[in-house]
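Here is how the chains run, residue by residue.
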Amino acid sequence: MDASTAHDVDGAAISPLMRAAIAADFCNGTSSVLDYREWTFINGDLTLNLAREPVGDWILLDAETWAGPDSIALSMARLGDREGYFGRAIQSVLLEKR
């Protein structure tokens, strides 16, 4: 299936805004600073701030994670499309040693 023909369960096309929200949910997974074999993590929340509506099928996720000393981390990302950056995402992440 081509990205431009992807549909949700009801058959409606996935919008660029929906694609941005989906990509933003991967902040902590794409920028982890800890070994997955030794740590578990969950994002407790996700906040998106957009300066404009995204366009097209492709979303850039430029993410980084900062881990604090008390099992709490922040994952942040700049979101972009073919026209440039359009927003930011941030997650509060809970960490636990396996």
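Residues numbered from 1 in each chain as written. Predicted model: local features only at pLDDT ≥ 70, side-chain atom pairs only at ≥ 80, totals over all residues. Heavy atoms only, no water.

Asker: Help me understand the overall build of the protein, please; the structure alone is not making it clear to me.
Answerer: If you tally the helices and strands in the protein, you get two helices and five strands. Overall, the protein shows an N-to-C arrangement of helices and strands of α-α-β-β-β-β-β. In the protein, which comprises 98 residues, the share counted as buried stands at 27%. Within the protein, residue pairs in contact and separated by at least 24 positions form 58% of the contacts whose partners lie at least 6 positions apart. Working note: accessible area of the protein is about 6400 Å², and carbon and sulfur atoms make up 57% of it. Computed over 8 positive and 15 negative side-chain charges, the inter-centroid distance for the protein is 5 Å. (Helix = DSSP H or I, 4+ residues; strand = E, 2+ residues; numbered from the N terminus. Buried < 20%, exposed > 50% of the residue type's maximum accessible area, 1.4 Å probe, protein only. Contact = heavy atoms within 4.5 Å. Areas by Shrake-Rupley, 256 points an atom, 1.4 Å probe, with all protein chains shown as cover. Lys, Arg positive; Asp, Glu negative; His and termini not counted. Charge placed at Lys NZ, Arg CZ, Asp CG, Glu CD.)

Asker: I'm lost on the packing of aromatic side chains in this one. Help?
Answerer: The description of an aromatic ring pair rests on the distance of the ring centres and on the angle between the ring planes. In total, this model carries one aromatic pair according to the counting rule given. On the numbers, 5.5 Å between centres and 45° between planes, the contact of Tyr36 with Phe41 is tilted. Take Phe41: its relative accessible area is 24%, and that puts it in the partly exposed class. (Phe/Tyr/Trp six-rings, centres within 6.5 Å; stacked < 30°, edge-to-face > 60°.)

Asker: I'm lost on the pattern of salt bridges in this one. Help?
Answerer: Close approach of charged atoms allows side chains with opposite charge to pair. Going through the model one piece at a time under the given rule, you end up with five salt bridges. Measuring nitrogen to oxygen at the nearest pair gives 3.3 Å for the salt bridge that ties Lys97 to Glu38. Highlighted residues: Lys97 in strand E5 (residues 84–97) and Glu38 in the loop between helix H2 (27–30) and strand E1 (39–43), separated in sequence by 59 residues. Classification of Lys97 by relative accessible area gives partly exposed; the value is 48%. Taking the relative accessible area as the measure of exposure, Glu38 reaches 40% and is therefore partly exposed. (Salt bridge = Lys/Arg side-chain N within 4 Å of Asp/Glu carboxyl O.)

Asker: Could you clarify how one ought to interpret the nonpolar core in this entry?
Answerer: Within soluble globular proteins, side chains that are nonpolar tend to cluster in buried spots. In this structure, Ala20, Ala23, Ala24, Cys27, Ile59, Ala77, Leu79, Phe86 and Ala89 together form the largest nonpolar core, which totals nine residues. Of all the secondary-structure elements, those providing two or more residues to this core are helix H1 (16–24), strand E4 (72–81) and E5. Sort the elements by how many residues they give to this core and H1 lands first, with three residues. Once residues within four sequence positions are removed from consideration, Ala89 is found in contact with Ala24, Cys27, Leu46, Thr47, Leu48, Ser75, Met76, Ala77 and Leu79. (Core = buried A, V, L, I, M, F, W, Y, C linked by side-chain atoms within 4.5 Å.)

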